[in-house]
Amino acid sequence: MSTQIPLATSTATGELAGTDADSVTTRRAGGRGERVNWPVTIVLIICSLAILVPLYVTLTMAFKTTSQAVDGNAFSLPAPFSVDGFVQAWNLTTFPRSFAISIGVSALTVVGTIILSSFAAFAISRNWNRRFFRWSFYYLLAALFLPFPVVALSQVKLTGLVHLDNPLGVAILHIMFQLGFSVLLFTAFLRSIPDELEESARLEGATTGQVFWQLIFPLLAPMSATVGIFAFLASWNDFVMPSLITSNPALQTLPVLQQIFQTQFSNNYNVSFASYLMAMAPAILVYLFTQRWVMAGVTQGAIK
Amino acid sequence: MNPKPPLPVPGLSRRSFLIGAGALGAGFALAGCAAPGGSASGVTEISFYVSKPEVIGYFDTLIAKFHKSQARVRVVRDSTSNMSADFVRNSPPDLGCWNYNFSVVEFVERGALSDLGDMPEAATINPDIKPLLKETADYPGRTSAIPYSLTAASVLYNKDLFTKYGVAVPTTYDDLVAACETFQKAGIAPFFNTYKDTWTIAQGLFDYTIGGMVDVPDFFKRLRAEGTKVDAASSVSFQKDFRSAMDRMVQLGSYANKNAASRGYGDGNLAFAKGEAAMYLQGPWALNEIAKTNAKMNVGTFPLPVTNDPKDLKVRVNVDLALWIPEASKKKEAARSFLSFLMQPEIQNTYNADNNAFGTTKNAPPTTNPALVGMQKYYDDAAFYLGASQIIPSEIPVANYAQSIALGSKPEPVLRQLDGDWSRLALRS
């Protein structure tokens, strides 16, 4: 049955697990005042600086005045503390509306991706010996090799024809493009759930629906969290698809509206960074609260 | 692995969650259906595309004014749609207010924009400006767009530094070199160049030196007539006709700030606003950026002298905004009424005065902007040209070529490359 172990996932996990183990060792060693693994510590410090420095610049820029924002000192603290950038960004993007639309699209994407791909993965992994299901797995995986820009124009035309040139259409397309990767993760994870569990449920008289919803889906929770986070980030950060698909400017998502802050001829660093900060907040919050499951999900999906 | 006992998940919460998600989706679907309609009770709703971020607020007040003046047409502003996608979907904006440059070429040349030649506004356009539009993109027998705003670019100079060192505005190349020497001796960079951003070189040093020496429209007319074989042997070529201009570019480059190679547009605005250089080769779009740092700066403009004949002085222009109505629009009449509203002299002239631009109509008033008056004379005499870098099709990376000359390559091989690119493109199309 489990002849096809997805290589990509296990490699990725190998790296992740490695980093994790290293950091744990470092922390432990440092805590006891014993030998510190300096090379690893330095690498990790550099890695964390790569995140922290841009974050610091984003934070300080957002609270600067326009004239201070263009003075060429990205690292200076905001001298007159100003929330003007936030006010302008709020008004220019009609923040509450575009934020709600972005949230709506992402929520639909997350829910749709988790449900559809767990359905597909369940069907595929339980019928792996049948050719139709094996091939449909490869078919779904093939979508991983299909970047959106390749099919952009035909999608624009098609969504226009069926009146899906709105956030709903964007969400549907997001689900479609997430499907390949998510089915891959779910299928790998489902292999680790023993068939006997399902058999015992069936002996008790459970239907396939009951088996899935009451047994399998709860067991999939950590992987669902991983899939959900990937789907959320992909959908929340996407620029190209909503900008091409959504025809009504009043229904546009946040990342697309933010493009007006930066043009060839003008820089509005304080306004743009204020806006980026407001847009980044949900992604950071989601990650902070769910990172435990991301790690757990990724490792559980691959270790067999 | 470690199978946990399946937790009894309360069915209701999941179901209500799904219902909620479904309702959200249905809401989007309904909103999508409701949007395209909107022509109930005799009110026509048109979409108006304007993407220049700094003037969005200004056009919003104009839209409000237009709504007050009549009740039949409602205007919805759009600043974020993707133009190509809109045309592919066959739902382009009813009225476009866009740069008239390479981005519009495809739409004009395929006849996607409707003929506005019968509108009275088309007759008020300054005849000197019409060739500029034609040169950028043209569909035979049509007035595809009505120019709204013209920006003229030349050398921005720090008036206070010029007065301090007793330098007069140069009108010949020798004067310019003498002025540069004076500033250099005083320890001030004559020019502030920003080679990091390729477009700043293309629109600045490259276009100015060529426009000051070569008859740009005539050059491209002859070049197109040359067909698919442009090289050193043909009667007209980049290597031959741009050669001396590029030599001037190299000479003037030696008077630039020493760190030009690592400086970008934002750095240039900052340094010029702080008085670190006497001259800055940028268009009026930089004035707003300079004002962010130094709002009271005393800036003037003059065309870059490249020859020793003051008669050759010209300024570089481009049609910054033009109005057009797509063929695919189903509400052309309503779009036309808003176009006429925008073209009223008091509205158009106010826009241009407020945005450092020149008018496009026959009786547009002269500019009173102290930073731009230096160019009024050349505008009146139609001593202007479209930048060569704007006419060369965007398939040829001319800005990068200009950068390599600015950074020290010899002009000959670069110009030879340009000839080759031009020939290959001509062969292909």
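Predicted, not measured: the structure shown is a model, and the values here were computed from it.

Helices and strands together make up the secondary structure of chain B, namely 20 helices and 9 strands. Expressed as lengths along the three principal axes of its C-alpha atoms, the size of chain B is roughly 85 × 75 × 50 Å. Every one of the 429 residues in chain B was classed for burial, and the buried ones make up 43%. Put simply, 79% of the contacts in chain B that link residues at least 6 apart link residues at least 24 apart.

For the rest of this paragraph, the subject is the overall build of chain A. Per the secondary structure count, chain A includes 14 helices and 0 strands. Counting all 304 residues of chain A, 35% fall into the buried class.

It is worth spelling out the UniProt feature "transmembrane region" (unreviewed entry) in chain A at this point. Residues and elements named next belong to chain A. The feature "transmembrane region" (unreviewed entry), as given by UniProt, occupies residues 36–57, 99–124, 136–156, 168–190, 211–234 and 273–290 in the numbering adopted here. With 91% helix and 0% strand, residues 36–57 has its two end C-alpha atoms placed 30 Å apart. Taken end to end, residues 99–124 comprises 100% helix and 0% strand; its first and last C-alpha atoms sit 37 Å apart.

Taking the numbering used here, the UniProt-annotated feature "domain: ABC transmembrane type-1" (unreviewed entry) corresponds to residues 99–290 of chain A. Between the first and last C-alpha atoms of residues 99–290 of chain A the distance is 21 Å; the span itself is 77% helix and 0% strand.

Counting residues at the interface gives 36 residues for chain B and 42 residues for chain A. Elements supplying a minimum of two residues to the side of chain B that touches chain A: α1 (11–34), α3 (83–88), α13 (265–273) and α14 (285–293) of chain B. Top element by residues in the side of chain B that touches chain A is α1(B). It accounts for 8 residues. Class assignment of the residues belonging to the side of chain B that touches chain A gives a composition of 18 nonpolar, 11 polar and 7 charged.

Bringing the pairing of strand β8 (residues 315–324) of chain B into the picture now. Residues and elements named next belong to chain B. Where burial is concerned, most of β8 is hidden: 10 out of the 10 residues are buried. By the bridge criterion, 3 bridges tie strand β3 (residues 95–98) to β8 in an arrangement that is antiparallel. Within β8, the residue paired with C97 across the bridge is L323. Both strand β4 (residues 146–158) and β8 contribute to a ladder of 7 bridges, which runs antiparallel. Looking at β8, one finds that A152 is bridged to V317. Pairing of β8 with strand β9 (residues 384–386), which is carried by 3 bridges, proceeds in the parallel orientation. Across the sheet, R316 pairs through a bridge with Y385, a residue of β9.

Our focus in this paragraph is the nonpolar core. By size, the foremost hydrophobic cluster in this structure holds 127 residues, and its most contacted members are A322(B), L323(B) and F338(B). With 8 residues, the single largest contributor to this core is β4(B). Both domain 1 (42–151 + 319–376) and domain 2 (153–317 + 385–428) of chain B contribute no fewer than three residues apiece to this core. Not counting chain neighbours up to four residues away, the residues in contact with L323(B) comprise L95(B), G96(B), C97(B), A145(B), I146(B), Y148(B), L339(B) and L342(B). Among the nonpolar cores identified, the runner-up in size contains 45 residues, and V170(A), A231(A), L244(A) and L251(A) belong to it.

All names here are of chain B. Here chain B is partitioned into domain 1 (42–151 + 319–376) and domain 2 (153–317 + 385–428). Centre-to-centre, using C-alpha coordinates, domain 1 lies 29 Å away from domain 2. The interface is formed by 15 residues belonging to domain 1 together with 17 residues belonging to domain 2. Only α6 (130–136), β4 and α17 (373–380) provide two or more residues apiece to the side of domain 1 that touches domain 2. Per-class residue counts for the side of domain 1 that touches domain 2 are 8 nonpolar, 5 polar and 2 charged.

So, about unusual backbone geometry. All names here are of chain A. Backbone geometry places H163, a non-glycine residue, at a positive phi of 60°. The residue H163 is located in the loop between α7 (148–161) and α8 (167–190) in this model. Look at H163 and you get partly exposed, because 15 C-beta atoms sit within 10 Å.

The next subject is the packing of helix α6 (residues 131–142) of chain A against α8(A). Residue and element names in this part refer to chain A. α8 packs onto α6 with a crossing angle of 135° between their chain directions and a minimal axis gap of 7 Å. Considering their axes alone, α6 and α8 lie oblique with respect to each other. Considering the relative orientation of α6 and α8, their crossing is left-handed. For the pair α6 and α8, contact is made by F137, L140 and L141 and by L179, G180, V183, L184 and T187, respectively. Broken down by class, the residue content of the contact of α6 with α8 amounts to 6 nonpolar, 2 polar and no charged.

Time to look at the environment of K65(B). Position of K65(B) among the secondary structure elements: in helix α2 (residues 56–69). In this structure the C-alpha to C-alpha distance between K65(B) and F341(B), which are 276 residues apart in sequence, comes to 9.8 Å.

Quick look at the environment of L220(A) now. All names here are of chain A. Note that L220 resides in the loop between α10 (208–219) and α11 (221–237). The spatial distance from the C-alpha of L220 to the C-alpha of H174 is 21 Å, given a sequence separation of 46 residues. Excluding residues within four positions of it along the chain, L220 makes contact with S118, F186 and F189.

All names here are of chain B. Two elements in contact, helix α19 (residues 398–406) and helix α20 (residues 411–428), have axes whose closest approach is 9 Å; the angle formed by their N-to-C orientations is 170°. It follows that α19 is roughly antiparallel to α20 by the angle criterion. Of α20, the residues touching α19 (which contributes V398, Y401, S404 and I405) are P411, V414, Q417 and L418. In terms of residue class, the contact of α19 with α20 is made up of 6 nonpolar, 2 polar and no charged.

A few words now on α10(A). Residues and elements named next belong to chain A. With 12 residues, α10 extends 15 Å between its outermost C-alpha atoms, agreeing within 8% with the 16 Å of an ideal straight helix rising 1.5 Å per residue. Considered for burial, the residues of α10 that qualify are V211, F212, L215, I216 and L219. Taken end-on, α10 shows its buried residues confined to a sector of 130°, consistent with a single buried face. Considering only its buried residues, α10 is in contact with α5 (95–126), α9 (195–203) and α11.

Attention now moves to the confidence of the model for chain B. Residues and elements named next belong to chain B. In the predicted model, chain B carries a mean pLDDT of 88, and the fraction of residues at 70 or more is 90%. Taken together, the stretch residues 1–12 has pLDDT below 50 and engages in 11 contacts with residues farther than four places along the chain or on a different chain. Per-residue pLDDT stays below 50 along residues 27–40; that stretch engages in 15 contacts with residues further than four places along the chain or on separate chains. What the predictor reports for the complex is a pTM of 0.77 with an ipTM of 0.70.

Basis of the calculations
Residues numbered from 1 in each chain as written. Chains lettered and ligands numbered in written order. Predicted model: local features only at pLDDT ≥ 70, side-chain atom pairs only at ≥ 80, totals over all residues. Helix = DSSP H or I, 4+ residues; strand = E, 2+ residues; numbered from the N terminus. Buried ≥ 20, exposed ≤ 12 C-beta atoms within 10 Å, placed from the backbone. Contact = placed C-beta atoms within 7 Å. UniProt positions renumbered as here; feature names shortened; annotations may be inferred. Nonpolar A, V, L, I, M, F, W, Y, C, P; charged D, E, K, R; others polar. Pairing = 2+ DSSP bridges. Core = buried A, V, L, I, M, F, W, Y, C linked by C-beta atoms within 7 Å. Domains from an automatic or database assignment. Axes fitted to C-alpha atoms, helices over the stretch in contact; angles between N-to-C directions. Parallel < 35°, antiparallel > 145°, perpendicular 65-115°, else oblique. Left-handed = near helix turned anticlockwise from the far one by under 90°. Expected span 1.5 Å × (residues − 1). Arc of directions from axis to C-beta. pLDDT = per-residue confidence, 0-100.

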